[in-house]
Amino acid sequence: MSAALELRHAALGYGSRRLWHDLDLSVAPGEFLAVLGANGSGKTSLLRAVLGLQPLTSGAVLVGGRPAHRGSPLIGYVPQQRPLDPFTPLRARDVVGQGIDGHRWGVGSLRGARRADRRRRVDEVLAEVGASEYAHLPVGLLSGGEQQRVRIGQALATDPALLLCDEPLLSLDLNHQAAVTELIDRRRRERDTAVVFVTHEINPVLPFADRVLYLAEGRFRIGTVDEVMTSSTLSALYGRPVDVVRIGDRVVVAGVPDLHAHHDAAVAP
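Anyway, here's the lowdown on the structure attached to this text. (Residues numbered from 1 in each chain as written. Predicted model: local features only at pLDDT ≥ 70, side-chain atom pairs only at ≥ 80, totals over all residues. Heavy atoms only, no water.)

### Comments concerning the sheet that holds strand E9 (residues 211-216)
The mixed open sheet is built from six strands, whose spatial order is E6-E7-E8-E3-E9-E10. With partners counted over all chains shown, the strands left at the sheet margins are strand E6 (75-78) and strand E10 (219-223), one partner each. Each strand axis lies, on average, 15° off the axis of its neighbour in the sheet, ignoring direction. Note that E6 and strand E7 (residues 162-166) share four bridges and pair parallel. In the sheet register, glycine 76 faces E7, and the bridge partner there is leucine 163. Sheet strands in contact with helix H1 (residues 43-50) are strand E3 (32-37), E6, E7, strand E8 (194-198) and E9, and its direction is about 145° off that of E7. Sheet strands in contact with helix H4 (residues 144-156) are E6 and E7, and its direction is about 165° off that of E6. (Pairing = 2+ DSSP bridges. Helix = DSSP H or I, 4+ residues; strand = E, 2+ residues; numbered from the N terminus. Axes fitted to C-alpha atoms, helices over the stretch in contact; angles between N-to-C directions. Contact = heavy atoms within 4.5 Å.)

### Considering the environment of serine 232
Following the sequence through the fold, serine 232 ends up in helix H7 (residues 231-238). Note on serine 232: relative accessible area 56%, which makes it exposed. The spacing of serine 232 and valine 244 is 12 residues in sequence and 8.6 Å in space, taken between C-alpha atoms. Within the local environment of serine 232, its side chain forms a polar contact with the side chain of threonine 230, the two groups lying 3.3 Å apart. (Buried < 20%, exposed > 50% of the residue type's maximum accessible area, 1.4 Å probe, protein only. Polar contact = N/O pair within 3.5 Å; in protein donor to acceptor, adjacent residues only side chain to side chain.)

### Focus: the pattern of salt bridges
Overall, the coordinates contain 15 salt bridges when judged by the stated rule. When the shortest N-O distance is used, the salt bridge between arginine 188 and aspartate 210 registers 2.7 Å. Here arginine 188, found in helix H5 (residues 174-191), pairs with aspartate 210, found in the loop between E8 and E9; they are 22 residues apart in sequence, far enough to count as distant. Residue arginine 188 is classed as buried on the basis of its relative accessible area of 3%. Here arginine 246 ties to aspartate 226 by a salt bridge, and the two come within 3.2 Å at their closest N and O atoms. Linking arginine 246 in strand E11 (residues 243-247) with aspartate 226 in helix H6 (residues 225-228), this pair joins segments that are 20 residues apart in sequence. (Salt bridge = Lys/Arg side-chain N within 4 Å of Asp/Glu carboxyl O.)

### Describing the environment of leucine 172
Examined against the element boundaries, leucine 172 turns out to sit in the loop between E7 and H5. Along the backbone, leucine 172 and glutamine 148 are 24 residues apart, and their C-alpha atoms lie at a distance of 9.1 Å. Dropping the residues within four chain positions of it, leucine 172 is found in contact with Gln81, Gly144, Gly145, Gln148, Gln177 and Val180.

### Things to note about the pairing of E10
Of the pairings in the sheet, the one linking E9 to E10 comprises five bridges and is antiparallel in character. Looking across to E10, one finds that leucine 215 is bridged to phenylalanine 220. Here E9 hands over to E10 after two residues, with glutamate 217 in that stretch at a positive phi of 50°.

### A closer look at the sheet that holds strand E2 (residues 17-27)
Read from one edge to the other, the open sheet built from four strands follows the order E2-E1-E4-E5, with strand pairing classed as antiparallel. A single partner strand is all that each edge strand has here, and the edge strands are E2 and strand E5 (66-67). Two strands pair when backbone bridges link them, and strand E1 (residues 5-14) and E2 are joined in this way by seven bridges, in the antiparallel orientation. Across the sheet, residue glutamate 6 finds its bridge partner in E2, namely serine 26. Sitting on the sheet, H1 is in contact with E1, E2 and strand E4 (58-63), with an inclination near 120° to E1.

Set out below in structure tokens:
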């Protein structure tokens, strides 16, 4: 079985600035990979490369064994959380439906069985993400957590093999952060969907992560949470003392001032 995502000797940079290089990574079907790192380390740029929006400086990126390209049906993408206009006419089910048709056609152009199949699939996805009860409400009137469930539904509408999540927990309270993370984890366990989860909110994610890719100052480390999230590992990556302290089931990182600051430009949906 092909890896859901594979990077071979991958490097990415802008001009003279190198984000990372010699990155070899294979993400298996059903694996949950958390991507962590400080400001400007290239986390969102990595997602752009997988989406076919940003060419690598060198190396290759493969999705399902094939070169990554824009618009791949194998990929579902959950964008960075941002508020929606409360006056938008789109309903929650309309947003999920856009994930099916990719804006290629309008519902009015569908006929008979095709329209019924689309409606059935939208209903299935809304139920999967727990958004059925507000399917007909304007998305701008939903809470942040409800909006993010709808965005996840849009990403899952084509039943992708790989789910890319770019800071999906931003601006959510702790309860909604937990709900969104558990929803994504349940999906990968039930459907064998690989997950690449970029985040600064590390504690809601670490209990679910099989491995961590940590990017820092042109370097990286890949391994389990216990292997990567240590004082010695992060100090070596940053070239200066970094303290990693476990308080109960939480991990606190000290010595990286911008670890929880938002940085990379959003990927256009």
